Amino acid sequence: MRDVKDAVIRKKEIMEVALNLFLKKGFLETTTQDIVDAMKISRGLLYYHFNNKEDILYSLIIDYSEPVIQKIDKICDNNDIDAVSKLDKFFEATIISAKKITPESTVMQKTLDLKVNHYLMDKFSHYMIEKLTIRFSQIIKQGIIEKSFEVEDPYSTAYFLISGYIFVGNSMTYENINKNNFCLLYTSDAADELDGVD
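Residues numbered from 1 in each chain as written. Predicted model: local features only at pLDDT ≥ 70, side-chain atom pairs only at ≥ 80, totals over all residues. Heavy atoms only, no water.

Thoughts on the environment of isoleucine 62
- Here isoleucine 62 shows up in helix α4 (residues 53-77).
- By relative accessible area, which is 17% here, isoleucine 62 ends up buried.
- Measuring from C-alpha to C-alpha, the distance between isoleucine 62 and methionine 128 comes to 9.1 Å, with 66 residues separating the pair along the chain.
- If near-sequence neighbours (up to four positions away) are discounted, isoleucine 62 is found in contact with Phe124 and Tyr127. (Helix = DSSP H or I, 4+ residues; strand = E, 2+ residues; numbered from the N terminus. Buried < 20%, exposed > 50% of the residue type's maximum accessible area, 1.4 Å probe, protein only. Contact = heavy atoms within 4.5 Å.)

What follows is the structure in structure tokens.
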């Protein structure tokens, strides 16, 4: 008898199996046939839920971003916090601390960094910009009411700032940070500390 499951449950199962294969074999070495074989499902069922393995990877990335989006939603909806404090908490929520980096998230980042997947990173960046701009503009509007900010167009300002934050953040890996210019972003003390890091 055929195992009929809810589409959402089946999709999540496919994503989980694919992620495990990406971890074991690597993204490039994993085929859709590997996923089909591991799931013991038909190719048709896989393609009913996903167009290809890149589509699965993109769904995994969106899934991984959800806790950040939910955290930001909670911050923005909290009426007990002023706009300036919300800005601090907003950016804190988007920074992944070293303690929260998992083998899965490391593999996902390395997979996204592959040249063949740059278009996925671009697609994801635009997705995040759209989500975060709406919330960031709400904070700016609150700041205008509280007389903390003077901004003529909250949405355009939020879009400009979030776009820069996302695209610059995604392109900054330790390998491509120029230590001499690092002090322009942070303090010279922080740049000095980097000199001792290999």
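Here's the deal with the confidence of the model for the protein
- For the protein, the average pLDDT comes to 83, and 83% of its residues sit at 70 or higher.
- Mean pLDDT per element in the protein: helix α9 (residues 179-185) is the minimum at 36, and helix α2 (residues 32-39) is the maximum at 96.
- Across residues 172-198, confidence stays below pLDDT 50; counting only partners more than four residues off in sequence or on other chains, it has 17 contacts. (pLDDT = per-residue confidence, 0-100.)

Some details on the environment of isoleucine 139
- Positionally, isoleucine 139 belongs in helix α7 (residues 118-145).
- Measuring from C-alpha to C-alpha, the distance between isoleucine 139 and phenylalanine 149 comes to 9.8 Å, with ten residues separating the pair along the chain.
- In this structure, isoleucine 139 is in contact with Cys76, Ala83, Lys86, Leu87, Phe90 and Phe149, ignoring residues within four places of it in sequence.

Quick notes on the pattern of salt bridges
- Under the definition given, this model contains five salt bridges.
- Between aspartate 34 and lysine 25 there is a salt bridge, with its nearest N and O atoms 2.7 Å apart.
- One continuous salt-bridge network, built from bridges that share partners, spans Asp73, Asp77 and Arg135. (Salt bridge = Lys/Arg side-chain N within 4 Å of Asp/Glu carboxyl O.)

Brief notes about the nonpolar core
- Among the nonpolar cores identified, the biggest contains 44 residues, and Ile14, Ile35, Leu46, Ile56 and Leu132 are the most heavily contacted of them.
- Contributing elements (two or more residues each) for this core: α1 (7-25), α2, α4, α5 (83-94), α6 (103-112), α7 and α8 (154-171).
- Excluding residues that lie within four positions of it along the chain, leucine 132 makes contacts with Ile69, Ile72, Phe90, Ile162 and Ile166. (Core = buried A, V, L, I, M, F, W, Y, C linked by side-chain atoms within 4.5 Å.)

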